[in-house]
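# Close look at the chain arrangement
Listed here are the chains, written in short residue letters.
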Amino acid sequence: MLMDEPPHEGTTSWSPALSRQKTLSRYVEVETWKRRELTDLQPVMSGIESACRGIATLVRRAQCDEIAGLHGSGGDTNVQGEVQKVMDVLANNILAASMCAPGKMDYVASEEEEEPTYCSVVLQNAAFRGEYAGVFDPLDGSSNIEAGLPVGTIFGIYRRPELNMSPNRARDPLEAIMQPGSKLLASGYCLYGGQTILVLTLGQGVHGFTLAKPGGDFVLTHPDMRIPDRGRLYAINEGPSLQWDPRIAEYVRRLKLGEGAGNVPHRTAYVGAMVADVHRVLVEGGVYAYPGTESAPSGKIRLLYEANPMSMLVEQAGGLSTTGTARILDLRPSSVHQRVPIFIGSKEDIQDLQALLKEGV
Ligand code: AHG
Ligand code: MN
Ligand code: MN
């Protein structure tokens, strides 16, 4: 008998090897049990897991269900003036509802919303106050949707800092999410590509879990991810390179030719979705960068929803992440939708940039 999918529990050909595989939910259960400050994260992670399953299904059906296009009459934009797709809005609503539903989050802040949203509003329970605050980019790389190319979801979770001071202190929805990224308790992404992969850090290493079948478990496929110290690829949109600081152009020239300390020529590999590009860098090594330009000195990548969670993951995997002059995770945010230039990836590739910026060209 030909099968579209490998056999699963309940079928006569159930494979014992498959049943021994570790799942995301089991990993989170064990880790949150071991560490007191993470205890209540388990249901939140389970909400995120189900949101990723749901968004993966929508992404797969986007063309057939005619939800691949623009939101509203086509002119709807988010607070940053970017055109919103139907899928941006759907993914945003799914993620906010799934993160809030277990009753452990106080508020969530999204790239697609002007201000943080109280979970008490989402849950319609005015008395409700959770312990955590979440940040997310619900659909990263959404310009890839029409072409059926990879997209992703990025998330990060903080503990509300005022809880460390007094339980009765008035809550401020900006207080938790405006912390430096170094205060993140957890971060991760879901990549909706050839497979759906959820990559997670709870602050002690990075693990990747692949969705075994639609609606099924996320199975551990990438245990203890370590980014190679030196890579062989760079993921950078070079379209605006004439507007870069000449030292950045020089860095990219050296990457191509392998003129850095490692003497390794790097090839170009650019998907145009940070999740997909950083995932490849995590697996193979190399650099993802979105530098500033003359007209947009801070570049395009958002500190809270994209740069910080990805930087935590990459640092946990042994890599580095910088604006060029400052560690991303040390930045104290100045606004909710702040953008930052970013260079993230293999330790030695990033150190070459830091050395070049110090030496000047
Ligand atoms: P988003 O779709 O969430 O707005 O993010 C897109 C970002 C990032 O994922 C990607 O690396 C970058 O924009 C691509 O931008 P360019 O098309 O300018 O290369
Ligand atoms: Mn994005
Ligand atoms: Mn987005």
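These numbers were taken from a predicted model, which means no experiment stands behind them. (Residues numbered from 1 in each chain as written. Chains lettered and ligands numbered in written order. Predicted model: local features only at pLDDT ≥ 70, side-chain atom pairs only at ≥ 80, totals over all residues. Heavy atoms only, no water.)

Looking now at the coordination of the manganese ion (ligand 3). Protein-derived ligands of the manganese ion (ligand 3) are Glu111 (OE), Asp137 (OD) and Leu139 (O), with the metal-ligand distances lying across 2.2 to 2.3 Å. The metal-metal distance between the manganese ion (ligand 3) and the manganese ion (ligand 2) is 3.8 Å, with Asp137 coordinating both. Of this pair, Glu111 sits in the loop between β1 (105-110) and β2 (117-118) while Asp137 sits in strand β3 (residues 132-140); the two residues are 26 residues apart in sequence, bridging distant segments of the chain. For Glu111, a relative accessible area of 4% corresponds to the buried category. (Donors = N, O, S within 2.8 Å, 3.2 Å for Na, K, Ca; no water. Helix = DSSP H or I, 4+ residues; strand = E, 2+ residues; numbered from the N terminus. Buried < 20%, exposed > 50% of the residue type's maximum accessible area, 1.4 Å probe, protein only.)

What follows concerns the coordination of the manganese ion (ligand 2). Within the protein, the manganese ion (ligand 2) binds to Asp137 (OD), Asp140 (OD) and Glu306 (OE); these donor distances fall in the range 1.9 to 2.2 Å. Here the donor residues for the manganese ion (ligand 2) map to a single chain with the spacing D-x2-D-x165-E. What makes Asp137 buried here is its relative accessible area of 0%.

Within this structure, the stated rule accounts for three aromatic pairs. Ring centres of Tyr107 and Tyr118 lie 6.0 Å apart, and the angle between their planes is 85°; on these two criteria the pair is classed as edge-to-face. Of this pair, Tyr107 sits in strand β1 while Tyr118 sits in strand β2; the two residues are eleven residues apart in sequence, bridging distant segments of the chain. On the accessibility criterion, Tyr107 (0% relative accessible area) is buried. Residues Tyr251 and Phe343 carry aromatic rings whose centres are separated by 6.5 Å and whose planes lie at 75° to one another, so their mutual orientation is edge-to-face. Here Tyr251, found in helix α6 (residues 246-257), pairs with Phe343, found in strand β13 (residues 342-345); they are 92 residues apart in sequence, far enough to count as distant. The exposure class assigned to Tyr251 is buried, which follows from its relative accessible area of 2%. (Phe/Tyr/Trp six-rings, centres within 6.5 Å; stacked < 30°, edge-to-face > 60°.)

Let us look at the packing of helix α7 (residues 274-284) against helix α8 (residues 303-316). Between α7 and α8, the least distance of the axes is 11 Å, while the angle of their chain directions is 15°. Looking at the two axes, α7 sits roughly parallel to α8. Judged by the sense of rotation from one axis to the other, the crossing of α7 with α8 is right-handed. Counted together, Met274, Val275, Val278 and Leu282 of α7 and Glu306, Met310 and Val314 of α8 form the full contact between these two elements. For the contact of α7 with α8, the class distribution of residues is six nonpolar, no polar and one charged. (Axes fitted to C-alpha atoms, helices over the stretch in contact; angles between N-to-C directions. Parallel < 35°, antiparallel > 145°, perpendicular 65-115°, else oblique. Left-handed = near helix turned anticlockwise from the far one by under 90°. Contact = heavy atoms within 4.5 Å. Nonpolar A, V, L, I, M, F, W, Y, C, P; charged D, E, K, R; others polar.)

Here, UniProt's "domain: Fructose-1-6-bisphosphatase class 1 C-terminal" (unreviewed entry) annotation points to residues 227-357. Overall, residues 227-357 shows 37% helix and 12% strand. The separation of its end C-alpha atoms is 23 Å. (UniProt positions renumbered as here; feature names shortened; annotations may be inferred.)

In this section: the sheet that holds strand β9 (residues 233-235). One open sheet holds the five strands; their spatial order is β10-β9-β11-β13-β12, and the pairing between them is mixed. A single partner strand is all that each edge strand has here, and the edge strands are β10 (267-268) and β12 (320-322). Pairing of β9 with strand β11 (residues 287-290), which is carried by two bridges, proceeds in the parallel orientation. Residue Tyr234 lies in a different strand from β11, and its bridge partner there is Val287. Helix-sheet contacts for α6 involve β9, β11 and β13, and the interaxial angle to β9 is about 145°. This element, α7, spans β9, β10, β11 and β13 of the sheet and lies at about 150° to β11. (Pairing = 2+ DSSP bridges.)

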